[in-house]
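Geometric and topological summary
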Amino acid sequence: MPLNIPIFLTWLRIILIPLMIAVYYVPEAWVPGMGRDLLATLLFVVAAATDWLDGYLARRWQQTSAFGAFLDPVADKLMVAAALILLVWLDRLDAVLATIIIGREITISALREWMAQIGAHRSVAVSMVGKVKTTAQMVSIPLLLYYQPLAGLDVVRLGTWLIYVAAVLTLWSMGYYMRMAWPHLIEQDRRR
């Protein structure tokens, strides 16, 4: 396993996941009141920033690797799934929305792996809808973790609205990826 700064940042993202959750399990005297929400939000934002930074540095420094290409999306999925489950547990997110988003991530990851095995990975490359979905999701999650008004902004309403947008785009992008993969799925069935 290669160890460089981009892979270190990916591992850091994975390590921040249990810390984000642990914030709500430590005694309240350690992190009183609103501090829990603020600390969990900051941990998620730092983890999300490492997602962008590790990819940027790996490309810029030409430190891409097969292990990094594997670990990076795993870390992303774990981070988002853990945050969504935490939001459901905090009663800030409906379990149906979390299930839609997590289910799509699992489905598309499996689809991409299968498409790579048959040499058609370009058919399910990231689309613009997928990027907008990720942006909506990555903005909504910290807003719902923070859960307090911020400079007159109704954080809860904006976060809720954005997570609904993310859920709709989740379904839309999943349909898009499935449509792109469908001819390959049919072709593989014909060969059997």
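Look up: the structure comes first, before these words.
As the structure is a prediction and not an experimental result, all values here were calculated from the model.

A separate point is the packing of helix H3 (residues 66–89) against helix H4 (residues 95–117). Where H3 contacts H4, the axes come no closer than 9 Å and their chain directions differ by 165°. Classified by the angle between their axes, H3 and H4 sit roughly antiparallel to one another. Seen along the crossing, H3 lies across H4 with a hand that is left-handed. Where H3 approaches H4, its residues Lys77, Ala81, Leu84, Ile85 and Val88 are matched on the opposing element by Ala95, Ala98, Ile101, Ile102, Glu105 and Ser109. For the contact of H3 with H4, the per-class residue count stands at 8 nonpolar, 1 polar and 2 charged.

What follows covers the nonpolar core. In terms of nonpolar packing, the biggest core is built from 26 residues, with Met20, Phe44, Leu84, Ile141, Leu145 and Ile163 touching the most fellow members. Looking at this core, the elements with two or more residues in it are helix H1 (5–22), helix H2 (35–60), H3, H4, helix H5 (128–146) and helix H6 (155–191). Per-element accounting of this core gives the leading share, 7 residues, to H3. If near-sequence neighbours (up to four positions away) are discounted, Ile141 is found in contact with Phe44, Val80, Ala83, Leu84, Leu87 and Ile163. Ranked by size, the runner-up nonpolar core spans 6 residues in total, among them Ala136, Leu143, Tyr146 and Ala166.

On to the pattern of salt bridges. A full pass over the atoms with the stated rule returns 9 salt bridges. With a closest N to O distance of 2.5 Å, Asp72 and Arg13 form a salt bridge. Placement of Asp72 in helix H3 and of Arg13 in helix H1 is noted, with a sequence separation of 59 residues between them. With a shortest N-O distance of 3.3 Å, Lys77 and Glu105 are connected by a salt bridge. In this pair, Lys77 sits in helix H3 while Glu105 sits in helix H4, placing the two residues 28 residues apart along the sequence. Since its relative accessible area comes to 10%, Glu105 is described here as buried.

Rules behind the numbers
- Residues numbered from 1 in each chain as written.
- Predicted model: local features only at pLDDT ≥ 70, side-chain atom pairs only at ≥ 80, totals over all residues.
- Heavy atoms only, no water.
- Axes fitted to C-alpha atoms, helices over the stretch in contact; angles between N-to-C directions.
- Helix = DSSP H or I, 4+ residues; strand = E, 2+ residues; numbered from the N terminus.
- Parallel < 35°, antiparallel > 145°, perpendicular 65-115°, else oblique.
- Left-handed = near helix turned anticlockwise from the far one by under 90°.
- Contact = heavy atoms within 4.5 Å.
- Nonpolar A, V, L, I, M, F, W, Y, C, P; charged D, E, K, R; others polar.
- Core = buried A, V, L, I, M, F, W, Y, C linked by side-chain atoms within 4.5 Å.
- Buried < 20%, exposed > 50% of the residue type's maximum accessible area, 1.4 Å probe, protein only.
- Salt bridge = Lys/Arg side-chain N within 4 Å of Asp/Glu carboxyl O.

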